Amino acid sequence: MPELPEVETVVRTLNRSIKGQVITNVQVDYPKLLKNVGSISEFKAQLEHQPIHNVTRRGKYLIFAIGDFYLVNHLRMEGKWFFEPIETLYDHKHVLLQIELDDGNVLRFHDTRRFGTLDLRDRDTVMTTNPLAKLGPEPFSDEFTSAWLMAKAKNKNVAIKTFLLDQTVVVGVGNIYASEICFYAAIRPEKPVKFLDSDDWDTIVAGTRSILAEAIQHGGTTVSTFESSKNVHGMYFEQLKVYGRKGQPCLECQTPIAKIKLNQRGTYYCGYCQKF
Ligand SMILES: [Zn+2]
């Protein structure tokens, strides 16, 4: 599943292709994809002949500002946006939405699993209603501090890695980067958050920012199926210190990297560098 660096890479790629274009036609191939939408014809009327102002991101959500509306999209497991000439042959079974643009290209939402979501919101409600309303701070914002994390963690028994996945704690961190952040902070992923001190939280804040920023610079991580668009793969995969490295030597101490299941999610750590 794409995490913040992958979604940020998609945002940057999309803005290069579609920002400022006018939508000429919208084709809905899978109506169940749409939420908070009246009828399909109403949805088309709201977007057609409208300009795409830009694409932004909040957490792992893409936000398309179109005319007076916002399309809020979560890619979930397999969602991808393809920008291509309209005559390009496409996978009819897995393309769920097509947005035709005035330069003769089309933006196709491709999702083999159909777990992706698309909410239509207006200016007054986009930030105050689901899915964006309950999100926690952005990792690069001033609100993301060790004091915030310590307050959220108070008296909680939840494991630090699981805590970092909670999008009300901080947005954008998913399964890959949560393991990497725990390694950066030299803390075992299973350690309950109530036992972390302010130095630990300072390191977690610094590690979250540093790892996500570096991953953005590398265009995200390529793991199984992530692509920011066709033929663009993230390069951060080669920078991962623990994720996906079960049995391989730790880059700091040569101890083989361990893999466990934590809350049903594959979790990687170095048993020597990371303390419980
Ligand atoms: Zn180690």
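Residues numbered from 1 in each chain as written. Predicted model: local features only at pLDDT ≥ 70, side-chain atom pairs only at ≥ 80, totals over all residues.

1. Here's the deal with the sheet that holds strand β3 (residues 52-58)
So, point 1. The strand order across the open sheet formed by 5 strands is β2-β9-β5-β4-β3, and the pairing between neighbours is mixed. Each of the sheet's edge strands pairs with one partner strand only, and the pair in question is β2 (34-35) and β3.
So, point 2. Judged from the 6 bridges that link them, β3 and strand β4 (residues 61-66) form a sheet pairing that is antiparallel. Considered in β4, the bridge of Val55 is made with Phe64. (Pairing = 2+ DSSP bridges. Helix = DSSP H or I, 4+ residues; strand = E, 2+ residues; numbered from the N terminus.)

2. A short note on the domain arrangement of the protein chain
So, point 1. Domain boundaries in the protein chain define domain 1 (4-122) and domain 2 (146-269).
So, point 2. Taken over C-alpha atoms, the centre of domain 1 sits 29 Å from the centre of domain 2. (Domains from an automatic or database assignment.)

3. Structural notes on the nonpolar core
So, point 1. In this structure, Phe64, Ile160, Tyr177, Ile181, Cys182 and Val242 are the most contacted members of the largest nonpolar core, which totals 62 residues.
So, point 2. Considering each element in turn, this core owes the most residues, 7 residues, to helix α5 (residues 175-184).
So, point 3. With residues up to four places along the chain from it excluded, the contact list for Ile160 reads Cys182, Ile187, Pro189, Lys191, Val193 and Leu196. (Core = buried A, V, L, I, M, F, W, Y, C linked by C-beta atoms within 7 Å. Buried ≥ 20, exposed ≤ 12 C-beta atoms within 10 Å, placed from the backbone. Contact = placed C-beta atoms within 7 Å.)

4. A short note on the sheet that holds strand β1 (residues 23-28)
So, point 1. Here 4 strands make up an open sheet; going across it, the order is β1-β7-β8-β6 and the pairing antiparallel. Edge positions in the sheet fall to β1 and β6 (80-85), since each has one partner strand and no second. When strand polarity is set aside, the average angle formed by the axes of neighbouring strands in this sheet is 20°.
So, point 2. As paired strands, β6 and strand β8 (residues 105-110) are joined by 6 bridges and run antiparallel to one another. (Axes fitted to C-alpha atoms, helices over the stretch in contact; angles between N-to-C directions.)

5. Examining the packing of α5 against helix α6 (residues 198-217)
So, point 1. Running from amino to carboxyl end, α5 crosses α6 at an angle of 130°, the nearest separation of the two axes being 9 Å. With respect to α6, the axis of α5 lies oblique. Viewed along their axes, α5 and α6 form a crossing whose handedness is right-handed. Note on element contacts: α6 touches α5 through Ile204, Gly207, Thr208, Ile211, Leu212 and Ala215, opposite Tyr177, Glu180, Ile181 and Tyr184.
So, point 2. Considered class by class, the residues forming the contact of α5 with α6 number 7 nonpolar, 2 polar and 1 charged. (Parallel < 35°, antiparallel > 145°, perpendicular 65-115°, else oblique. Left-handed = near helix turned anticlockwise from the far one by under 90°. Nonpolar A, V, L, I, M, F, W, Y, C, P; charged D, E, K, R; others polar.)

6. Regarding the packing of helix α1 (residues 4-18) against α6
So, point 1. Put simply, α1 and α6 touch, their axes get as near as 8 Å, and they point 40° apart. Pair α1 / α6 crosses with right-handed handedness. Taking contact as the criterion, the partners of Leu4, Pro5, Glu8 and Thr9 in α1 are, on α6, Leu212, Ala215 and Ile216.
So, point 2. Partitioned by chemical class, the residues of the contact of α1 with α6 number 5 nonpolar, 1 polar and 1 charged.

7. Re the environment of Gln167
So, point 1. Its place among the elements puts Gln167 in the loop between α4 (160-165) and α5.
So, point 2. The exposure class assigned to Gln167 is partly exposed, which follows from the 16 C-beta atoms found within 10 Å.
So, point 3. Here the alpha-carbon distance between Gln167 and Lys44, two residues 123 residues apart in the chain, equals 31 Å.
So, point 4. In this structure Gln167 touches Gly59, Leu135 and Gly136, once residues within four positions along its chain are discounted.

8. With respect to unusual backbone geometry
So, point 1. Look at the link from Asn130 to Pro131: it is a cis peptide, with omega at 5°.
So, point 2. At Arg114, a residue that is not glycine, the phi angle is positive and equals roughly 60°.
So, point 3. Checked against the element boundaries, Arg114 lands in the loop between β8 and β9 (117-122).
So, point 4. Note on Arg114: 15 C-beta atoms within 10 Å, which makes it partly exposed.
So, point 5. Of note in the backbone geometry, Asn155 takes a positive phi value of approximately 65° without being a glycine.
So, point 6. With respect to the helices and strands, the residue Asn155 is situated in the loop between α3 (146-153) and α4.
So, point 7. Asn155 sits in the exposed class, given 7 other C-beta atoms within 10 Å.

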